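One-letter residues, chain by chain:
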Amino acid sequence: MSDDIGKILSELKQKTVLVIGNGFDLACNFKTSYSNFIFFIEKMLEIDNVEMFLNDSDIKSYGELDVDEVLSFREFLLDLKSRKNYFLTYFLNYHCKTLSWADFEEELEKIVCAFDLLCSLLSNHRYKDYYGSEFILETNNISVLYKAFVYNPDNSFIKFAEVPGNPEDTSVYLVEQEHIENTESKITNFVKQIPDELYRDLYDFSGLFSSYLELLQANNLDDEIKKKFPSSVDIIINYNYTDIVNKFRSNFISKYIEVIYLNGHVDLKTRKNNIIFGIDQKSSFDFPKFYQFCKKQMRISKSTDYKLIYNLPEIKNLYVFGHSLTLSDADSIRKIFDRVVNDGKINIYYFDGYKETVEMECNKGTIASNFNQIFADEFDEINAKTTFIKSSEFFQ
């Protein structure tokens, strides 16, 4: 988005702002959840014939899908699978099929922190005393490392005591040096290469998800839902990767309405994406290369609209729909809520059971708990402006 847009935003006075999360897309009948994505991939790998795949009753619920686009997606998927993309392998095979996007980001953080710990240990040569003996890592995420090495026999200097049926009790050991040729150089190369290799795999995995969203976004919006969308909105802050909200643009009263994409988005017109698949920088890393996995760095390198939340006008009415106020978004949420004027109103919509998949992520209990944690230091002030409303009242 250009600097001119930032200037326009800063000049607006006390406007109505709508914040949307993944629950918005789901309420519009677009299957954009993490679990939808993983299920789609599993089905595609299960059913070889594309025609049979498209005629599957579960896949039909994803809408009208273009055959050529599906074939292209399948080719991309099989390529990543053949190259043993770490994140594809990890999330397909290890009990990660019912996660929300917030859970997905937490799982990413486990992966990055576990590899940071291992690289730090190896780069400091603290492994030398452990040849031929158990090598215990002080982490509950040991299974994360196991899932990487079991698919890459080249990393033969590291072995695992057993398949981690109980990951917390699993230990790692380095095999005896004389059993491996060039052990020192292998370890050095591993430490040097693994951060960038992991990052490339994450980039490719996010590209696969972008292709998936392109398939879905080609579908038309339900006319009944479109008619019920509130029209008096000035700014939309979109935490989603999709452009689905723009399908409502004919509803908007203001011709100047702007959509801010905090996490990047998939643009069907340009066929480009700058989506952010990263972690919140809650952890400090011993090995600096792992900072490239943090959202802050990605938002800069991928040129998202994130900086525009610093130019928001004063907000008279703030609506939050389909966002669970996940703690990983706490910084941006605070910045948005802080712009609400003293006599302003904050309406937070929670899902009340009419869509089961959305309800799990955006139920009132989850949102209220996150709300309490984010605004612990200013709870009374923010809470006085806030009303929790059933989501069924949004589309009326």
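Residues numbered from 1 in each chain as written. Predicted model: local features only at pLDDT ≥ 70, side-chain atom pairs only at ≥ 80, totals over all residues. Heavy atoms only, no water.

Caption draft 1: Just the side chain of histidine 323, in detail. Mapped onto the elements, histidine 323 comes out in the loop between strand S9 (315-321) and helix H13 (330-337). With a relative accessible area of 5%, histidine 323 lands in the buried category. A distance of 2.8 Å separates the side chain of histidine 323 from the backbone nitrogen of leucine 325, its partner in a polar contact. (Helix = DSSP H or I, 4+ residues; strand = E, 2+ residues; numbered from the N terminus. Buried < 20%, exposed > 50% of the residue type's maximum accessible area, 1.4 Å probe, protein only. Polar contact = N/O pair within 3.5 Å; in protein donor to acceptor, adjacent residues only side chain to side chain.)

Caption draft 2: Representation of the environment of isoleucine 225 within the structure. Mapping isoleucine 225 onto the fold places it in helix H11 (residues 223-228). Classification of isoleucine 225 as buried rests on a relative accessible area of 12%. Residues isoleucine 225 and alanine 27, spaced 198 residues apart in sequence, show a C-alpha to C-alpha distance of 8.9 Å. If we skip the residues at most four places from it in the chain, isoleucine 225 touches Ala27, Cys28, Asn29, Phe248 and Phe395. (Contact = heavy atoms within 4.5 Å.)

Caption draft 3: Layout of the sheet that holds strand S1 (residues 15-20). What the six strands build is an open sheet, ordered S6-S5-S1-S9-S10-S11; its pairing is parallel. Bordering the open sheet on either side are strand S6 (258-261) and strand S11 (386-390), each of which pairs with just one other strand. The mean inter-strand angle of the sheet, taken between neighbouring strand axes irrespective of direction, is 20 degrees. Relative to S11, strand S10 (residues 340-350) is paired through five bridges, and the arrangement is parallel. Paired with tyrosine 349 across the bridge in S11 is isoleucine 389. (Pairing = 2+ DSSP bridges. Axes fitted to C-alpha atoms, helices over the stretch in contact; angles between N-to-C directions.)

Caption draft 4: Structural view of unusual backbone geometry. The backbone phi angle of serine 303 is positive, close to 55 degrees, even though this residue is not glycine. Tracing the sequence through the fold places serine 303 in the loop between helix H12 (295-301) and S9. Under the relative-accessibility criterion, serine 303 is labelled exposed at 55%. Even without being glycine, leucine 325 reaches a positive phi, approximately 55 degrees. Inspection of the secondary structure assignment puts leucine 325 in the loop between S9 and H13. With a relative accessible area of 1%, leucine 325 lands in the buried category.

Caption draft 5: Spatial organisation of H13. Those residues of H13 that fall on the buried side of the exposure criterion are Ala330, Ser332, Ile333, Ile336 and Phe337. Down the axis of H13, the smallest arc covering the buried residues is 165 degrees, so these residues share one side. Elements in contact with the buried residues of H13: S1, strand S5 (235-238), S9, S10, helix H15 (364-374) and helix H16 (379-383). (Arc of directions from axis to C-beta.)

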